[in-house]
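The lines below spell out each chain.
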Amino acid sequence: MDKMREILLIYRGSTGVATIPKRKPMSIVHMASSNVDNTDDRISRISSSIRVIPNFPKPGIMFQDITTLLLVPKAFKDTIDLFVERYKDKNINVVAGVETRGFIFGPPIALAIGAKFAPMRKPKKLPEEVISEEYSLEYGTDKIEMHAGVVHPVERAVVVDDLIATGGP
Ligand SMILES: O=P(O)(O)OC[C@H]1O[C@H](OP(=O)(O)OP(=O)(O)O)[C@H](O)[C@@H]1O
Ligand SMILES: Nc1ncnc2[nH]cnc12
């Protein structure tokens, strides 16, 4: 399998419009900045739609909050379009999305390029036989699992997630 890991810069959702915040709002320093491809104005629109929250979930982490990107349909669509443009003619059979935020971006990319979508889930969520891999996070370790046999050796897969922090060990 030819593996590629595709990342944006992107977060896990808040709990909806009607909820009352349980903790003090944190100070927001800025929206994300971009240092890639200044010729495509979609990149700056995407960057400026991502909220950066310092010291969440713990001191020293600059949390890149993609929930704000999801509130801007044009920026969300631009995000999907950029990936679709990159992968549409590459004979990709499988888009694998990393839980949780890869579940937001992976499916629309898969549909647009005519690939199947395979969820890569946190441990013990999938009911059938799995293949699994342990990895390090910027703030902890985790393991990811996928149903065995959903990707065949001859297939080409793109792994979609929102962001690389440590990129693993
Ligand atoms: O480069 P790394 O160090 O691997 O960190 C990046 C990973 O961490 C975050 O997910 P997280 O495990 O926090 O899960 P979530 O999407 O459910 O919030 C993020 O969505 C990436 O998957
Ligand atoms: N800095 C960060 N922002 C958003 N999600 C993350 N996951 C790991 N590190 C992160």
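Residues numbered from 1 in each chain as written. Chains lettered and ligands numbered in written order. Predicted model: local features only at pLDDT ≥ 70, side-chain atom pairs only at ≥ 80, totals over all residues. Heavy atoms only, no water.

- An unreviewed UniProt entry lists the protein under the name adenine phosphoribosyltransferase, with Rehmannia glutinosa as the source organism.
- Check the Pathway (unreviewed entry) section of the UniProt entry for the protein; it says "Purine metabolism; AMP biosynthesis via salvage pathway; AMP from adenine: step 1/1."
- Under the Subcellular location (unreviewed entry) heading, UniProt states for the protein: "Cytoplasm". (UniProt positions renumbered as here; feature names shortened; annotations may be inferred.)

1. Remarks on the site of ligand 1
- In the neighbourhood of ligand 1, 16 residues make up the surrounding shell, with T100, D161, D162, A165 and T166 lying closest.
- Between an oxygen atom of ligand 1 and a side-chain N or O atom of T100, the distance comes to 2.7 Å.
- Within the side chain of D162, a nitrogen or oxygen atom sits 2.6 Å from an oxygen atom of ligand 1.
- Burial of ligand 1 by the surrounding chains reaches 96%, relative to a free accessible area of 510 Å².
- Of the residues contributing to the shell around ligand 1, the split by class is 5 nonpolar, 4 polar and 7 charged. (Near = heavy atom within 4 Å. Polar contact = N/O pair within 3.5 Å; in protein donor to acceptor, adjacent residues only side chain to side chain. Areas by Shrake-Rupley, 256 points an atom, 1.4 Å probe, with all protein chains shown as cover. Nonpolar A, V, L, I, M, F, W, Y, C, P; charged D, E, K, R; others polar.)

2. So, the site of ligand 2
- Residues in contact with ligand 2, as listed here, are I61, M62, F63, Q64, R101, E138, Y139, L163 and A165.
- Here Q64 contributes a backbone N or O atom positioned 2.9 Å from a nitrogen atom of ligand 2.
- Between ligand 2 and R101, the relevant distance is 2.9 Å, taken from a nitrogen atom to a side-chain nitrogen or oxygen of the residue.
- Partitioning the shell around ligand 2 into residue classes produces 6 nonpolar, 1 polar and 2 charged.

3. Points about the environment of E85
- Tracing the sequence through the fold places E85 in helix α3 (residues 73–87).
- Along the primary structure E85 and G97 are separated by 12 residues, whereas in three dimensions their C-alpha atoms are 18 Å apart. (Helix = DSSP H or I, 4+ residues; strand = E, 2+ residues; numbered from the N terminus.)

4. Digging into the pairing of strand β9 (residues 156–161)
- Among the 6 residues of β9, 5 are classified as buried, and the element is accordingly described as predominantly covered.
- Across 4 bridges, strand β5 (residues 94–98) lies against β9 in parallel orientation. The residue bridging A96 from the neighbouring strand is V159, located in β9. (Buried < 20%, exposed > 50% of the residue type's maximum accessible area, 1.4 Å probe, protein only. Pairing = 2+ DSSP bridges.)

5. Focus: the nonpolar core
- Membership of the largest hydrophobic core comes to 22 residues, with the highest contact counts inside it found for L69, Y87, V95, F105, I109, I113 and V160.
- Of all the secondary structure elements, the ones that give two or more residues to this core are α1 (41–47), α3, α4 (102–113) and β9.
- Ignoring sequence-local partners within four residues, the contact set of I113 consists of V84, Y87, K88, I92 and V95.
- Membership of the second largest hydrophobic core comes to 10 residues, among which are V94, I144, V151 and A157. (Core = buried A, V, L, I, M, F, W, Y, C linked by side-chain atoms within 4.5 Å. Contact = heavy atoms within 4.5 Å.)

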